[in-house]
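Here's the letter readout for the chains.
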Amino acid sequence: MTWEQVYNPMENLALSGAEAAFPLAALFYMLLIRRTPGHFAMPIALLCTFLIAISVYRMPVGAAVGAVGAGAIFGLFPIFWMILAAIFLYNLSVETGQFEIVKSSIARLTEDARLQVLLIAFAFGAFLEGAAGFGAPVAITAGMLVGLGFRPLYAAGLCLIANTAPVAFGSIGIPIFVAGQVSGLDRFLIGSMVGRQLPFLSILVPFWIVCLMVGWKKTWEVFPACLTVGGVFAVTQWATSNYLGPELPDILSSLASIVALVLLLTVWKPKTVWRVNGENGDENNSETETTPTEEPVTPIAVKPIPFPTLMKAWSPFLIMTLLILIWGIKPINVFFDQATIHLPLPGLHQAAIKVAPVAVEPTPMDCIVRINWLNTPGTAIFIAAFLSALFLGVSFGRSLNLLGRTLHQLLKPMVSVASILGLAYVMNYSGMSSTFGLLLTGTGGAFPFFSPLLGWVGVFLTGSDTSANALFGHLQTVTSHQVGMDPVLAVAANTSGGVTGKMISPLSLAVATAATGLIGKEGTLMRFTIVHSIIFAVLIGLLTLLQSSVLSWMVP
């Protein structure tokens, strides 16, 4: 059974948009106002979406059930698979006592929490985004910051905000590749344009996260470090995206910024050391007091660490990094992909027909469940965890016991992840997502400002810049021709705007709360990040508006 999607079921686009937005408004209300735990709020939002899809958008019930199932499967594999692997590896490091040595080694480089955030949340997180993506950066870096003594809310929030500028080139450039596929535009041009937008954000974010921690006065003390990390990252991001392609900007930019910061610390140190418990020389800094009931964190002692001991402690993360890089090598990636299981979903595959104005001609939508059990970062991280356990002398039985405890720890986030991806799939296949796109395309000459907001909405819904490009990339192309905007700029704006929605996506919130022990506090974390997300989205919107007019020379 096939059916044509309906984008304006109320015969009034504003009313149709209100119907489509109701589940999201309900989700915002539950998370932000009621502070309902995510594993309750997201299934309720999914139920609302399901009912509106079948009653208002006339989606067949069987197809709606299939969309929920397809989304849930994708949420569990590969996304939850990756989350489970990342937390398992982190728990292994903690369980064996090796993370205490990791903490000491970082403190040996710098005891200053401001610089630790730049090093771990921004630079190392960007490396993980470029190599793996799919939530790995936040899952790993947030857990590391908590281990270093950061309060969980701040660790999660800072890592979510830091994981902004690198998202467009994540997973070896997959968001750019997908943008090229759905829009029909040259992916190199799209990547080049994104590389002429996001570097401005890359310079800003290091200052932003440090200022959020300590205020502007204390940020000024580490101005050289922020400028070095952000500036080197931005320049490398621009150069690689414009001259090498979309595959390597994150990896090369993050490595360059890490090396630059380490070199800077050999010739420069901040005048005072700012620690996560508010200590700064003889001063007390109350600006970090987000949960006053928590006990202050004892400063980390700096001691010389023998090299073999250091390598053993870092081995889980080093092995993980090596395997993720190996998984990203194209011939290996293609070989592993042969093991992927492709299952066209009966009742939904090519059943929903995209029609004008979303599609130039009626186009059936594919729905193929891909179980890429081998070609996924989660599998690479799992192998890294078990190899690390072997190297650290942890028995297989003890490893399985720890894995079981980790799974039990993540049962609630598993429900959240499956629910929000189910919601995203129902909205996509019912046509509800396209209603949002058509609402924004009606802004005419102001569309260049609103163009990034389509990406913002897409990433909020799916938690993925790749999915946001798949959702709205073609619509951006069609609309850009109608309003006289360069299509390369429009598709790039969808990608760049999408990165600003990552920090408030329910999927990202579920990952961050799972990594920091804040399960059920997704609403609190969203309140922490939402203002920053909106500000960043507006900045990208203003930049796109300028690049469509007075700065049109920046468009390749």
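Cut-offs applied
Residues numbered from 1 in each chain as written. Predicted model: local features only at pLDDT ≥ 70, side-chain atom pairs only at ≥ 80, totals over all residues. Heavy atoms only, no water. Pairing = 2+ DSSP bridges. Helix = DSSP H or I, 4+ residues; strand = E, 2+ residues; numbered from the N terminus. Core = buried A, V, L, I, M, F, W, Y, C linked by side-chain atoms within 4.5 Å. Buried < 20%, exposed > 50% of the residue type's maximum accessible area, 1.4 Å probe, protein only. Axes fitted to C-alpha atoms, helices over the stretch in contact; angles between N-to-C directions. Parallel < 35°, antiparallel > 145°, perpendicular 65-115°, else oblique. Left-handed = near helix turned anticlockwise from the far one by under 90°. Contact = heavy atoms within 4.5 Å. Polar contact = N/O pair within 3.5 Å; in protein donor to acceptor, adjacent residues only side chain to side chain. Patch = residues over 30% accessible without salt bridge, like charges linked within 9 Å, V, L, I, M, F, W, Y side chains within 5 Å. Areas by Shrake-Rupley, 256 points an atom, 1.4 Å probe, with all protein chains shown as cover. Salt bridge = Lys/Arg side-chain N within 4 Å of Asp/Glu carboxyl O.

**Digging into the sheet that holds strand S1 (residues 3-4)**
Then step 1. Within the open sheet, the three strands sit side by side as S1-S5-S6. Their pairing is mixed. Each having just a single partner strand, S1 and strand S6 (363-364) make up the two edges of the open sheet.
Then step 2. As paired elements, S1 and strand S5 (residues 352-354) share two bridges and run parallel to each other. Residue pairing across strands places Trp3 opposite Ala352, the latter belonging to S5.

**Topic: the nonpolar core**
Then step 1. The biggest cluster of nonpolar side chains holds 174 residues, and the ones touching the most others in it are Met144 and Ile209.
Then step 2. For this core, the element with the highest residue contribution is helix H3 (residues 61-95), accounting for 16 residues.

**Describing the packing of helix H10 (residues 198-214) against helix H24 (residues 522-547)**
Then step 1. Taken N-terminus to C-terminus, the directions of H10 and H24 make an angle of 155°; their axes are 12 Å apart at the nearest point. With respect to their mutual orientation, H10 and H24 come out roughly antiparallel. Seen from above, H10 lies across H24 with right-handed handedness. Residues Leu198, Phe200, Leu201, Leu204, Val205, Trp208 and Leu212 of H10 touch H24, and the partners they reach there are Phe528, His532, Ile535, Phe536, Leu539, Ile540 and Leu543.

**A word on the side chain of Thr500**
Then step 1. Topologically, Thr500 is positioned in the loop between helix H22 (487-499) and helix H23 (506-516).
Then step 2. At 2.6 Å, the side chain of Thr500 and the backbone oxygen of Gly497 are in polar contact.
Then step 3. Ignoring sequence-local partners within four residues, the contact set of Thr500 consists of Thr164, Leu201, Trp456, Ser533, Phe536, Ala537 and Ile540.

**Remarks on a nonpolar patch on the surface**
Then step 1. A cluster of nonpolar side chains, namely Val531, Ile534, Ile535, Val538, Leu539, Leu542 and Leu545, defines an oily patch on the protein surface of about 510 Å² accessible area.
Then step 2. On the secondary structure map, Leu545 appears in helix H24.

**Topic: the environment of Asn8**
Then step 1. Tracing the backbone shows Asn8 in the loop between S1 and helix H1 (13-33).
Then step 2. With relative accessibility at 31%, the residue Asn8 sits in the partly exposed group.
Then step 3. In the structure, Asn8 is positioned 49 residues away from Tyr57 in sequence and 8.3 Å away in space, judged by C-alpha atoms.
Then step 4. Filtering out sequence-adjacent residues up to four positions away, Asn8 remains in contact with Leu13 and Ser16.
Then step 5. Within polar-contact distance, the side chain of Asn8 engages the side chain of Ser16 at 2.6 Å.

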